[in-house]
Amino acid sequence: KQEVTQIPAALSVPEGENLVLNCSFTDSAIYNLQWFRQDPGKGLTSLLLIQSSQREQTSGRLNASLDKSSGRSTLYIAASQPGDSATYLCAVNEGGSEKLVFGKGTKLTVNP
Amino acid sequence: DTGVSQNPRHKITKRGQNVTFRCDPISEHNRLYWYRQTLGQGPEFLTYFQNEAQLEKSRLLSDRFSAERPKGSFSTLEIQRTEQGDSAMYLCASSRAYGYTFGSGTRLTVV
């Protein structure tokens, strides 16, 4: 059974700092991996999708990497801003299934 | 493209009542998903439709839960004889190929 773990569960940083969020998964037979952002009481916003054949994806200040063989992904946020405060969720799409398996998320607080 | 729309946004119901939620996906998306999220947890997969066919169901989807997607357009999720443990955010998502677009969810509170 696929399990996704995100570390740390919560992170508080001062504005302007660069930071890394970690995601690990137990079964490397994944189709793709996605990072989402969730604001309190809201739905999920897709940030980055990495196909299993890719190593990384970038969008603006965000960079996500994937090491499928070791079952790890990182989300790097450069020059953090208070507006980045949210919960960040990692999810994997297993081969042969349409479902996403999510981690519990990392709650990020960026202090002005 | 108006995004994925879910209604209602909030629902409070008494234990034992039936509730129904609606999801309107992005019009050109043929795939539709339902997830459930409780406080402090990531979303958990419930079911998946490709067009009007329900192709995958989680064991979380007990006999009290039923989902439909008539004509491959909007979808409904019905919970019969609600229990307090059903209190959660119910999220709908749609996709055409890669990546998901999620709606804002329906928050269900069973009292």
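On a predicted model such as this, the values are computed, not experimentally measured, just so you know.

This paragraph deals with the overall build of chain B. Of regular secondary structure, chain B possesses 0 helices and 11 strands. Of the regular secondary structure in chain B, the N- to C-terminal order runs β-β-β-β-β-β-β-β-β-β-β. The C-alpha radius of gyration computed for chain B amounts to 13 Å, which stays within 12% of the reference 13 Å derived for 111 residues, consistent with globular compactness. Each of the three principal axes of chain B carries a C-alpha extent, and together these read 40 × 25 × 20 Å. Expressed as a percentage of the 111 residues in chain B, the buried residues total 48%. Considering only residue pairs separated by 6 or more positions, chain B has 52% of its internal contacts joining residues 24 or more positions apart. In the form shown here, chain B has an accessible surface area of approximately 5700 Å², with 43% of it arising from carbon and sulfur atoms.

A few words on the confidence of the model for chain A. Interpretation of the predicted coordinates at a detailed level should be avoided for regions scoring low in pLDDT. Overall, the predicted model of chain A reaches an average pLDDT of 94, with 100% of residues at or above 70. No element of chain A has a lower mean pLDDT than strand E5 (residues 44–51) of chain A, at 93, and none a higher one than strand E11 (residues 106–111) of chain A, at 98.

On to unusual backbone geometry, then. In the segment running from Ile7 of chain A into Pro8 of chain A, the intervening peptide bond is cis, with an omega of 0°. Mapping Pro8 of chain A onto the fold places it in the loop between strand E1 (4–7) and strand E2 (10–14). Residue Pro8 of chain B is bonded to the preceding Asn7 of chain B through a cis peptide linkage, with omega at -5°. You can see Pro8 of chain B is positioned in the loop between strand E1 (5–7) and strand E2 (10–13). Here the phi dihedral of Asn51 of chain B falls at roughly 55°; this positive angle occurs in a residue that is not glycine. Structurally, Asn51 of chain B can be placed in the loop between strand E5 (44–50) and strand E6 (53–57). Relative accessible area serves as the criterion here: at 34%, Asn51 of chain B is assigned to the partly exposed category. Phi is positive for Lys71 of chain B, close to 60°, though the residue is something other than glycine. For Lys71 of chain B, the location among the structural elements is in the loop between strand E7 (65–68) and strand E8 (75–79).

Turning to the state of the cysteines, a few remarks are in order. Across all of its chains, the model carries 2 disulfides over all chains by this definition. In this model, Cys23 of chain A is linked to Cys90 of chain A through a disulfide, with the two sulfur atoms separated by 2.0 Å. The sign of the -60° torsion about the S-S bond sets the Cys23 of chain A-Cys90 of chain A disulfide as left-handed. Taken together, the residues Cys23 of chain A in strand E3 (residues 19–25) and Cys90 of chain A in strand E9 (residues 86–94) connect sequence positions 67 residues apart. Under the relative-accessibility criterion, Cys23 of chain A is labelled buried at 3%. Note on cysteine connectivity: Cys23 of chain B is disulfide-linked to Cys92 of chain B, with sulfurs 1.9 Å apart. Sign of the S-S torsion, about -70° for the bond between Cys23 of chain B and Cys92 of chain B, identifies this disulfide as left-handed. Linking Cys23 of chain B in strand E3 (residues 19–24) with Cys92 of chain B in strand E9 (residues 88–95), this pair joins segments that are 69 residues apart in sequence. What makes Cys23 of chain B buried here is its relative accessible area of 0%. Taking the relative accessible area as the measure of exposure, Cys92 of chain B reaches 0% and is therefore buried.

Bringing the pairing of E11 of chain A into the picture now. Residues and elements named next belong to chain A. Only one face of E11 is buried: it carries Thr106, Leu108 and Val110, and the other face, with Lys107, Thr109 and Asn111, is open. Sheet analysis places E2 next to E11, joined by 5 bridges and oriented parallel. Each residue of the ladder has a partner; that of Val13, found in E11, is Val110. As paired strands, E9 and E11 are joined by 3 bridges and run antiparallel to one another. Along E11, the bridge assignment pairs Ala86 with Leu108.

Quick notes on the rules
- Counting starts from 1 at the beginning of each chain's written sequence and moves along it residue by residue.
- Each chain is given a letter, starting from A, and each ligand a number, starting from 1, according to the order in which they appear as written.
- This being a predicted model, a pLDDT of at least 70 is required before a residue's local features are given, and a value of 80 or more before pairs of side-chain atoms are given or counted; all residues contribute to the totals for chains, interfaces and linings.
- Here the side-chain values reflect all heavy atoms present in the structure, with hydrogen atoms and water set aside.
- Strands are runs of DSSP state E lasting at least two residues, helices are runs of H or I lasting at least four, and both sets are numbered from the N terminus onward.
- The size measure is the radius of gyration over C-alpha atoms, and the globule rule it meets is 2.2 Å times the number of residues to the 0.38 power.
- For every residue, the accessible area (1.4 Å probe, protein chains only) is compared with the maximum for its type, and the residue is labelled buried under 20%, exposed over 50%, or partly exposed between those bounds.
- By the convention used here, residues are in contact when the closest approach between their heavy atoms is within 4.5 Å.
- Method for areas: the Shrake-Rupley scheme with a 1.4 Å probe, in which residue coverage is limited to the protein chains shown.
- For every residue, the pLDDT score states the predictor's confidence, bounded by 0 at the bottom and 100 at the top.
- The disulfide definition used here is simple: a pair of cysteine sulfur atoms within 2.5 Å.
- Strands are labelled as partners when DSSP assigns at least two bridges between them.

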